[in-house]
Amino acid sequence: MKNPLRIAIIGQSNFAADVLELLLEKKYNVVGVFTIPNKGSREDILAATAARYNIPVFKFSTWRRKGVAIPEVLEQYKSVQATLNVLPYCSQFIPMEVIDGASLGSICYHPSILPRHRGASAISWTLIEGDEVAGFSIFWADDGLDTGPILLQKQVAVEATDTLDSLYKRFLYPEGVKSMAEAVDMVALGKAPKITQTEVGATYDAAMFKEENQYLNLNQSAEVIWNFIRGLDSVPGALVTVVDKEQNVEENIRLFGAHLYDDKPIGETRELCLKGLKHPAFVHEKGLLIQGTDGKFVNVRRLKRGSKMINACEWFSMARGVQITQFSADELSKKEMLSNIWFSILKCPIEADTDFFAAGAGSMDVVRLVEECKEAFDVPLENENVYMAPVFEEFFVEIVKTLREGSSSEGSKVHFDGFVLKANKKEIPIPTQLFINGQFVDAEQRRVLDNINPTNEELLCRVACASRSDVDKAATAAHNAFYGAWRQVSARQRGQLILKLADLMEQHKEELATIESVDSGAVYTLALKTHIGMSIDAWRYFAGWCDKIQGNTIPVNPARPNNVLTFTKKEPLGVVGLITPWNYPLMMLSWKMAACIAAGNTCLIKPAQTCPLTALKFAELTVKAGFPPGVINIVTGKGSEAGQAILEHPLIRKLGFTGSTEIGKTVMRACAESNLKKCSLELGGKSPLVIFADCDFEKAVKYGMSSVFFNKGENCIAAGRLFVEDRIHDEFVRRVVKDLRSMVIGDPLQRSTAHGPQNHRAHFEKLIEFCERGVQDGATLVYGGKPVPNTKGYFFQPTVFTNVEDHMFIAQEESFGPIMLITKFHGSDIESVMRRANRSEYGLASGVFTKDIAKALAFADNIEAGTVFVNVYNKTDVAAPFGGFKQSGFGKDLGQEALNEYLKTKCVTIEY
């Protein structure tokens, strides 16, 4: 039935924009959006969202002049003929001619349980007053200040860890958006109540955006002090004044990250005088201790000093650098560019004191900011620059300092034949030859393979194609190095070489990420953070193990009267062959090779045929790092030829393989039949992710998306099947599809791109067939399922299937692509969903989302998978072992356990 409402949305912000989108999803007729004017060139997100849906947008700096509604403004409002005004969040004073101008009236959102905490700073006052319960009200607007009749209210318990930010993000925002839509539903059905507010318990609280109200009264109990601080955390921050009696200077600072403190001060303490505090505050290792009038303490972790956020424990150690205050016209123009970059990431107005992280930025946003700034300003920046200067003005000053100082770099030359990749505002020379015995050489008969750019399907370059003879040369070089020069390198020297290599990778990480992005289709920001970043982490982690590989002494029974000493030694295996896949080219190389080399082996590796270029660039860096010839060898080519030759070579004593289960069986058979090579196999997966209704829903949606679509779905631990409890199933699917609609698909080098091309054509065509099979078998295709239309390259739409049943092909086989398979289950049948999750020959990874710790631990106990994620997904670390069960293989990458894959244990017994 067509809805008769004509809705006008009045307000601003992301909150209002989300309300708008939800109303549109519910098919309501939004006839106009009334919001604030642009700030410079920046448009409020509500206006931008409305424009995307072709909804008329009206921007007024004010609705009234001298207390009277402006006639022309009023006329524009009347022109849309709204029957209901919806005010999700509005900072302007709206005249009663508008409030009463809609026949059904106006409904407003207010973030408190009215009549308590009327006014503009309700969330802050909920915490400042120590309320045990927080919530929001949706009420009918009248001519008073938040005094109109109540339509609906919802509440939540205030947690001890809550701040203004956390309370808003975990409840007031997400539940508020849904409840605004619920309120509109009630109005549409004629079931919206109008419950008169009582004046009993009503409060009108001061506006905390006024600086005079932000000062903390220190003459109070510790709990009251703590509540005030967290009520202003993270915006704008509670103000106190530091008094330097020696210099007779006062300085205002802001306090963040407070908690009640029952322990003694940790480490050395130094006094800090705060105005209005009877006893000195103490700076210690854990922060700043403030004593309340009750003798109890509050510990403050972070301080904002001027525009710079610092750890409170660093107050006395932070040297004040010389501040730049005068800027050239060119620098000021760059400031505007920088502001636009921040806005494009944060989607909120950028002021001098805007804090990047307080505005909601995460780790991937840091990567994007650094990369966009390097591209815009041609400056060398690292992620740490953002963490050290998270406030806009401060970050701008750091950019200016870097520009004024300039930069230069130089490096040694390694000779090779190759090509120059011109991409990402860089010119990167890349080898295309084999790397054997410390030199780049042509393959036998100069054989080559075409290397295709997955973004445009054009020829990128031609790469050497190794023959069986070439593999023999590489294995022989590795064998000679193992028994020659490499044996002369001590364990500690080996660690130093690896650290030097990691430092070179760090210096060239932008080049490596660019190559990885072009060659494999990985999104550049992800390549930089994960593909390359985690590769560097792996080398550094295993460098630390080099001189810590040791055996044991073992007490045994001697033959009296003699004595016996028995001990074990951990020794390298010798020459190791590595075969790695195409989804994380450099990272898979690093995960295996770093442990292999740290253990003292030599190696040869065959990278994936479709994307070998980062491996070859890496080989160049090993020369610069000073590795002896033959320790690391790289042979590019076909798996059927070069790969098979590695499996069968008699000098190779260990094989590390990552790939499909089908090929893994061939690898294992060849290892056995050749010389009984030790092998470790990381194979296919169909990892189950179970989402219970008692989960943190927002987190489950976020990580559910990531579990499938991270790295375009080309992820060995990707959630191959999601089991979602029926009570949240439909909303989960709706949220996923909504987020997918806004996912940016395109050139992986563009910083805003979230989803790049699949790695190569054969895989791309396999995904098409996989989706067609799903439809044929009766699964419901909700979204995607086909190539991105009118686009060159291997771009495949993120896909969602529901009603996936156990017997279906897509429920049993791995897609290795951006395809989410969702199966609904009833919350009372936990045992069945566990059996279904285990009903697979794969056992690589798994995940569960629930707030019930018993349920989570039961899942972890019963699931047959090498990795179990609880309330998170894809959270791997170089220190944590990684590997699967059943037909997902055996052996471990990463962590201390990975070293055992590349070591043998020798037992020595001495009688004396």
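Residues numbered from 1 in each chain as written. Predicted model: local features only at pLDDT ≥ 70, side-chain atom pairs only at ≥ 80, totals over all residues. Heavy atoms only, no water.

For the chain, the helix and strand inventory stands at 26 helices and 40 strands. Scaling as 2.2 N^0.38, a compact globule of 912 residues should have a C-alpha radius of gyration of about 29 Å, and the chain matches this with 31 Å. Seen through its C-alpha atoms, the chain measures out along the principal axes to roughly 95 × 75 × 65 Å. Residues classed as buried in the chain amount to 55% of the 912 residues present. A total accessible area of about 39700 Å² is found for the chain, and carbon and sulfur atoms account for 50% of it. (Helix = DSSP H or I, 4+ residues; strand = E, 2+ residues; numbered from the N terminus. Rg over C-alpha atoms; globule rule 2.2 N^0.38 Å. Buried < 20%, exposed > 50% of the residue type's maximum accessible area, 1.4 Å probe, protein only. Areas by Shrake-Rupley, 256 points an atom, 1.4 Å probe, with all protein chains shown as cover.)

Cis peptide bonds are those with omega within 30 degrees of zero, and the linkage from Leu 114 to Pro 115 qualifies with 15°. Within the secondary structure layout, Pro 115 lies in the loop between strand 7 (106-110) and helix 5 (122-128). In this structure, Pro 561 follows Arg 560 across a cis peptide bond, with omega equal to 10°. Summarising the element assignment, Pro 561 is placed in the loop between strand 23 (553-554) and strand 24 (564-572).

A separate point is the packing of aromatic side chains. Applying the stated criterion across every chain yields a total of 29 aromatic pairs. Geometrically, the ring pair formed by Phe 15 and Tyr 109 is tilted, given 4.6 Å between the ring centres and 45° between the ring planes. Taken together, the residues span a long stretch of sequence, with Phe 15 in helix 1 (residues 13-25) and Tyr 109 in strand 7 at a distance of 94 residues. We note that Phe 15, like Tyr 109, is buried. On the basis of an interplanar angle of 35° and a centroid distance of 5.4 Å, the ring pair of Tyr 109 and Phe 136 is categorised as tilted. With Tyr 109 in strand 7 and Phe 136 in strand 8 (residues 133-140), this residue pair connects regions lying 27 residues apart in the sequence. Grouped by ring-pair contacts, the aromatic residues Phe 15, Tyr 109, Phe 136, Tyr 168, Phe 171 and Tyr 173 constitute a single cluster. Over the face of the ring belonging to Trp 226 we find Arg 230, whose NZ or CZ atom lies 4.0 Å from the ring centre. Arg 305 extends its terminal NZ or CZ atom over the ring of Trp 315, reaching a point 3.7 Å from the ring centre. (Phe/Tyr/Trp six-rings, centres within 6.5 Å; stacked < 30°, edge-to-face > 60°. Lys NZ or Arg CZ within 6 Å of the ring centre and 35° of its normal.)

Take a nonpolar patch on the surface next. Together, Leu 565, Ile 910 and Tyr 912 give the surface a local cluster of nonpolar side chains, amounting to about 300 Å² of exposed area. Its place among the elements puts Tyr 912 in the segment after strand 40 (903-911). Given a relative accessible area of 58%, Tyr 912 falls into the exposed group. (Patch = residues over 30% accessible without salt bridge, like charges linked within 9 Å, V, L, I, M, F, W, Y side chains within 5 Å. Salt bridge = Lys/Arg side-chain N within 4 Å of Asp/Glu carboxyl O.)

For the rest of this paragraph, the subject is the sheet that holds strand 37 (residues 867-870). With mixed pairing, the 7 strands of this open sheet are ordered in space as 32-33-34-31-30-36-37. The strands lining the two open edges of the sheet, one partner per strand, are strand 32 (780-783) and strand 37. For this sheet, the mean angle separating the axes of adjacent strands, direction not counted, is 20°. Sheet topology note: the strand 36 (residues 845-849)/strand 37 ladder contains 4 bridges and is parallel. Bridging from a neighbouring strand, Val 848 pairs with Val 870 of strand 37. (Pairing = 2+ DSSP bridges. Axes fitted to C-alpha atoms, helices over the stretch in contact; angles between N-to-C directions.)

Take the domain arrangement of the chain next. As assigned here, the chain comprises domain 1 (6-189), domain 2 (211-314), domain 3 (340-405), domain 4 (418-682) and domain 5 (688-883). Look at where the C-alpha atoms of domain 2 and domain 4 centre, and you get two points 52 Å apart. (Domains from an automatic or database assignment.)

It is worth spelling out the packing of helix 8 (residues 329-346) against helix 9 (residues 363-377) at this point. Relative orientation of the contacting elements helix 8 and helix 9 amounts to 150°, with a least axis distance of 10 Å. Taken together, the axes of helix 8 and helix 9 are roughly antiparallel relative to one another. Like other packed secondary-structure pairs, helix 8 and helix 9 cross with a definite hand, here right-handed. Residue-level contacts link Lys 334, Met 337, Leu 338, Ile 341, Trp 342, Ser 344 and Ile 345 of helix 8 to Asp 365, Arg 368, Leu 369, Glu 372, Cys 373, Ala 376 and Phe 377 of helix 9. (Parallel < 35°, antiparallel > 145°, perpendicular 65-115°, else oblique. Left-handed = near helix turned anticlockwise from the far one by under 90°. Contact = heavy atoms within 4.5 Å.)

Turning next to the UniProt feature "active site" (unreviewed entry) in the chain. Following the UniProt record, the feature "active site" (unreviewed entry) maps to His 110, Glu 682 and Cys 716 here. Spanning 607 residues, the named residues do not form one spatial group; their C-alpha atoms are separated by as much as 52.9 Å. Within the annotated group, the residues that form the lining of the largest cavity are Cys 716. With a relative accessible area of 5%, His 110 lands in the buried category. Beyond its immediate stretch of four places on either side in the chain, His 110 contacts His 117, Arg 118, Gly 119, Ala 122, Phe 136, Ser 137, Phe 139 and Asp 146. For Cys 716, the position within the fold is in the loop between helix 20 (697-709) and strand 31 (719-725). (UniProt positions renumbered as here; feature names shortened; annotations may be inferred. 1 Å grid on protein atoms, 1.4 Å probe; cavity = no way out; pocket = protein on both sides within 12 Å on 5 of 7 lines; lining within 4 Å.)

Let us look at the confidence of the model for the chain. The predicted model of the chain has a mean per-residue pLDDT of 93, with 97% of residues at 70 or higher. Residue range residues 407-411 is modelled with pLDDT below 50. Its contacts to residues more than four positions away, or to other chains, number 1 contact. (pLDDT = per-residue confidence, 0-100.)

The subject of this paragraph is the pairing of strand 15 (residues 297-305). Consecutive side chains along a regular strand alternate between the two faces of the sheet. Across 8 bridges, the pairing between strand 11 (residues 249-261) and strand 15 is antiparallel. Bridging across to strand 15, Ile 253 finds its partner in Arg 305. Taken together, the 4 bridges between strand 14 (residues 287-291) and strand 15 define a ladder with antiparallel strand orientation. Bridged to Ile 290 within strand 15 is Val 298. With antiparallel pairing between neighbouring strands as the criterion, strand 14 and strand 15 make up a hairpin whose turn holds 5 residues, including Gly 295 at a positive phi of roughly 85°.

Tracing the backbone shows Arg 254 in strand 11. Nearest to the buried, unbridged Arg 254 among oppositely charged side chains is Glu 211, at 4.1 Å. Among the polar contacts listed, one links the side chain of Arg 254 to the side chain of Gln 214, at a separation of 2.9 Å. (Lys, Arg positive; Asp, Glu negative; His and termini not counted. Polar contact = N/O pair within 3.5 Å; in protein donor to acceptor, adjacent residues only side chain to side chain.)

Moving on to the pairing of strand 37. Judged by which residues are buried, strand 37 turns out to be one-sided: Thr 867 and Phe 869 face inward and are buried, whereas Val 868 and Val 870, on the alternate face, are not. A crossover links strand 36 with its parallel partner strand 37, the connecting element being helix 25 (residues 853-862), and its sense is right-handed. (Right-handed = clockwise from strand over helix to strand, strands pointing away.)

A word on the pattern of salt bridges. In the structure shown here, the tally under the stated rule is 49 salt bridges. One salt bridge connects Lys 654 with Glu 901, and the closest N-O pair in it is separated by 3.8 Å. Note that Lys 654 is positioned in strand 28 (residues 652-658) and Glu 901 in the loop between helix 26 (895-900) and strand 40, a separation of 247 residues in sequence. Its relative accessible area of 0% is what places Lys 654 among the buried residues. Among the residues examined, Glu 901 registers a relative accessible area of 13% and is labelled buried.

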